[in-house]
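# Breakdown of the fold
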Amino acid sequence: MSFDHFEYKGVRFAKAVHSEDSLSYAENTFEVLDDDIFNVTYPKSGTNWMIEILNLIKHKGDSTVSKTVPIHIRSPWYETAGSEEYISKMDSPRIISSHLPQHIFAKSFFKSKAKIIYTMRNPKDVVVSMFYFTKILNIFKPAENLQNFLEDFVQGKALYGSWFDHIKGWMQMKNDSRFFFITYEELTQDLRGSIVRICKFLGYELDDAQIDLVVEQSTFKSMKENKMSNWSQVPSDVLDQSKGSFLRKGKSGDWKNHFTVAQSEHFDDIYQEKMKDLKMTFPWEQAS
Ligand code: A3P
């Protein structure tokens, strides 16, 4: 995976959107408020999907904000340079996104009552989604073949570092009452049930009709049709959607159309080795 990068605390970041200062600010200076809601993911795991869901929950299904404010402004990535401009204007509760690994996350969070929703996805689907993403986002040199891309991914040379370390780091918080984790696969299989669980965690009481509105407007189709959610507001010299859509397929298991049997087995071996100490099971482990 080729992009102009630097390392911060052992993790790769992109010079185009991060700096030592923006990361140090995110880690050491950023002031978390007690009612903040953080949407944390490893890239390509459903971050934007969760932004849509959380904003709709916040507004009890009313789509005024999601139809008028671009998604990256609705919930900025607080570790990126320039995000402060948007975050300082957000109304409460702030819904803030982040791809940071746990060891770099805002220190003030751990002393606050703020909450985190952490979304994970089958890493093989993350690989495929990210592979195509490099072809449209200008900070990357477009990946040419999956084999090299896969090697970089398993070696932690991707943007935001190792998927395995990200999951293991954040899962240290799995029993914390301020932390809720969910998978892309659960969202795909039962969007309504997932939304109900998220509402419960956040303490939002929506009636059935309001939940229906959240579900209807956070489907892949609705988001793809919403010009404030499909990233079409971003200039094409930054995100060139003539070469592929940001909202690409929105499916679980697309890796099967891309990995060879040998690549899949190789990945499974590495996965088992790296994840063996984490005594948890994930939906994609049955599917593999
Ligand atoms: P694909 O490339 O597999 O289609 P992120 O927001 O973390 O960058 O993740 C992007 C991935 O989430 C893309 O996956 C995108 O299509 C998918 N996605 C976004 N919104 C979705 C939705 N409403 N339903 C299903 N998948 C969605």
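Residues numbered from 1 in each chain as written. Predicted model: local features only at pLDDT ≥ 70, side-chain atom pairs only at ≥ 80, totals over all residues. Heavy atoms only, no water.

Below, the discussion takes up the site of the ligand. Residues in close proximity to the ligand total 18 residues, the closest being Thr47, Asn48, Ser129, Tyr184 and Lys249. A distance of 2.6 Å separates an oxygen atom of the ligand from a polar atom in the backbone of lysine 249. When residues of the shell around the ligand are traced back to their parent elements, those giving at least two are α2 (47–58) and α12 (220–225). For the shell around the ligand, the leading source of residues is α2, giving three residues. Residues that form the shell around the ligand fall into these classes: six nonpolar, eight polar and four charged. (Near = heavy atom within 4 Å. Polar contact = N/O pair within 3.5 Å; in protein donor to acceptor, adjacent residues only side chain to side chain. Helix = DSSP H or I, 4+ residues; strand = E, 2+ residues; numbered from the N terminus. Nonpolar A, V, L, I, M, F, W, Y, C, P; charged D, E, K, R; others polar.)

This paragraph deals with the environment of arginine 197. Considering the arrangement of structural elements, one finds arginine 197 in helix α10 (residues 191–202). The spacing of arginine 197 and asparagine 257 is 60 residues in sequence and 32 Å in space, taken between C-alpha atoms. When residues no more than four places from it in sequence are discounted, the contact partners of arginine 197 are Phe180, Ile182 and Glu186. (Contact = heavy atoms within 4.5 Å.)

Quick look at the nonpolar core now. Of all hydrophobic cores here, the largest spans 96 residues; its most connected members are Phe38, Tyr78, Phe105, Ile117, Phe153, Trp163 and Ile198. When residues of this core are assigned to their parent elements, the largest contribution, seven residues, is made by α2. Beyond its immediate stretch of four places on either side in the chain, phenylalanine 153 contacts Tyr42, Pro123, Val126, Val127, Met130, Ala158, Trp163 and Phe267. (Core = buried A, V, L, I, M, F, W, Y, C linked by side-chain atoms within 4.5 Å. Buried < 20%, exposed > 50% of the residue type's maximum accessible area, 1.4 Å probe, protein only.)

This brings us to unusual backbone geometry. Going from serine 92 to proline 93, the amide bond is cis rather than trans, its omega being -5°. Its place among the elements puts proline 93 in the loop between α5 (84–87) and β5 (95–98). Even without being a glycine, lysine 44 presents a positive backbone phi close to 70°. For lysine 44, the location among the structural elements is in the loop between β4 (37–41) and α2. Even without a glycine there, the phi angle at lysine 60 is positive, about 50°. Examined against the element boundaries, lysine 60 turns out to sit in the loop between α2 and α3 (64–68). With a relative accessible area of 38%, lysine 60 lands in the partly exposed category.

Read these as layout, nothing more, since geometry by itself doesn't imply function.
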